[in-house]
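# Inside the fold
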Amino acid sequence: MTASQFQPIVYLKQNCPFCMKVRLFLLEGRLNDQVETRDFTQGSPEEEAIRNELLPHLKKLSFPAAQLEPGRFMAESEDIIAFLAQKSGRNPASMTVYRNYVDGPFAMAMKLWKENQELRQAASAS
Ligand SMILES: N[C@@H](CCC(=O)N[C@@H](CS)C(=O)NCC(=O)O)C(=O)O
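Notes on the structure follow. Worth saying up front: this structure is predicted, and the values here are computed from it rather than measured.

### Observations concerning the packing of helix 1 (residues 17-28) against helix 3 (residues 77-88)
In contact at an axis separation of 9 Å, helix 1 and helix 3 are set at 15° when each is read in the N-to-C sense. In terms of their interaxial angle, helix 1 and helix 3 are classed as roughly parallel. Crossing of helix 1 against helix 3: the hand is right-handed. On helix 3, the residues that touch Phe 18, Lys 21, Val 22, Phe 25 and Leu 26 of helix 1 are Ser 77, Glu 78, Ile 81, Leu 84 and Ala 85.

### Structural notes on the pairing of strand 2 (residues 36-40)
Note on strand geometry: in a regular strand, side chains alternate between the two faces of the sheet. Judged from the five bridges that link them, strand 1 (residues 9-13) and strand 2 form a sheet pairing that is parallel. Residue pairing across strands places Lys 13 opposite Phe 40, the latter belonging to strand 2.

### A look at the environment of Val 102
Along the chain, the position of Val 102 falls in helix 4 (residues 96-125). Sequence separation of Val 102 and Phe 40 is 62 residues, and the distance between their C-alpha atoms is 22 Å. Every residue in contact with Val 102, bar those within four places of it in the chain, is listed here: Lys 21 and Ala 107.

### Some remarks on the environment of Glu 48
For Glu 48, the location among the structural elements is in helix 2 (residues 45-54). With relative accessibility at 53%, the residue Glu 48 sits in the exposed group. For the pair Glu 48 and Ser 124, spaced 76 residues apart in sequence, the C-alpha to C-alpha distance is 33 Å.

### Remarks on helix 4
Spanning 30 residues, helix 4 covers 42 Å between terminal C-alpha atoms, matching the ideal 44 Å at 1.5 Å per step. The largest bend along helix 4 reaches roughly 35° and is located at Phe 106. When helix 4 is considered as a whole, its buried residues turn out to be Tyr 98, Tyr 101, Val 102 and Phe 106. On its buried face, helix 4 sits against helix 1 and helix 3.

### Overview of the nonpolar core
Counting 35 residues, the largest nonpolar core has Val 10, Phe 25, Leu 26, Leu 54, Phe 63 and Leu 84 as its most contacted members. Within the residue set of this core, elements represented by two or more residues are strand 1, helix 1, helix 2, strand 3 (65-69), strand 4 (72-74), helix 3 and helix 4. Leu 54 has contacts with Tyr 11, Leu 61, Phe 63, Ala 65 and Phe 73, leaving out every residue within four places of it along the chain.

### Some details on the packing of helix 1 against helix 4
Close contact between helix 1 and helix 4 brings their axes to 9 Å; oriented N to C, the two are set at 175°. In terms of axis orientation, helix 1 runs roughly antiparallel to helix 4. Contacts between helix 1 and helix 4 involve Pro 17, Phe 18, Met 20, Lys 21, Leu 24, Phe 25 and Glu 28 from the first element and Thr 96, Val 97, Tyr 98, Tyr 101, Val 102, Phe 106 and Met 110 from the second. For the contact of helix 1 with helix 4, a count of residues per class yields 11 nonpolar, one polar and two charged.

Quick notes on the rules
- Residues numbered from 1 in each chain as written.
- Predicted model: local features only at pLDDT ≥ 70, side-chain atom pairs only at ≥ 80, totals over all residues.
- Heavy atoms only, no water.
- Axes fitted to C-alpha atoms, helices over the stretch in contact; angles between N-to-C directions.
- Helix = DSSP H or I, 4+ residues; strand = E, 2+ residues; numbered from the N terminus.
- Parallel < 35°, antiparallel > 145°, perpendicular 65-115°, else oblique.
- Left-handed = near helix turned anticlockwise from the far one by under 90°.
- Contact = heavy atoms within 4.5 Å.
- Pairing = 2+ DSSP bridges.
- Buried < 20%, exposed > 50% of the residue type's maximum accessible area, 1.4 Å probe, protein only.
- Expected span 1.5 Å × (residues − 1).
- Bend = angle between axes of the 7 residues up to and from the residue.
- Core = buried A, V, L, I, M, F, W, Y, C linked by side-chain atoms within 4.5 Å.
- Nonpolar A, V, L, I, M, F, W, Y, C, P; charged D, E, K, R; others polar.

What follows is the structure in structure tokens.
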């Protein structure tokens, strides 16, 4: 199979806020027929199989992850979206639902996560 025939594969964990960014980008960009998605839920046999498949190819495994070209693996939501946006000519900045999620619930989740980490650190130091 040549690189041009290859269909990118993205690996998405259910209920993961980073994976949700990729899901919305694919959906709003109407890319679901050009990109294969492999979903799994935490603790499932599918998760174990996906982790075993990806581990040899990534320095640090996190989700979303992707094989974007044959043998080219990546595991950063922003990098995956940037690659697929460039390849497909889509512009995530102009996607209303995607942007609303990234700037709204996603940004809030990140802020709360950071605050929580800081509070835990302060509590364990006192
Ligand atoms: N900076 C990464 C963060 C991704 C991340 O932390 N994902 C979580 C799931 S929500 C993860 O993979 N945790 C480790 C794991 O499940 O092995 C990104 O934007 O893709």
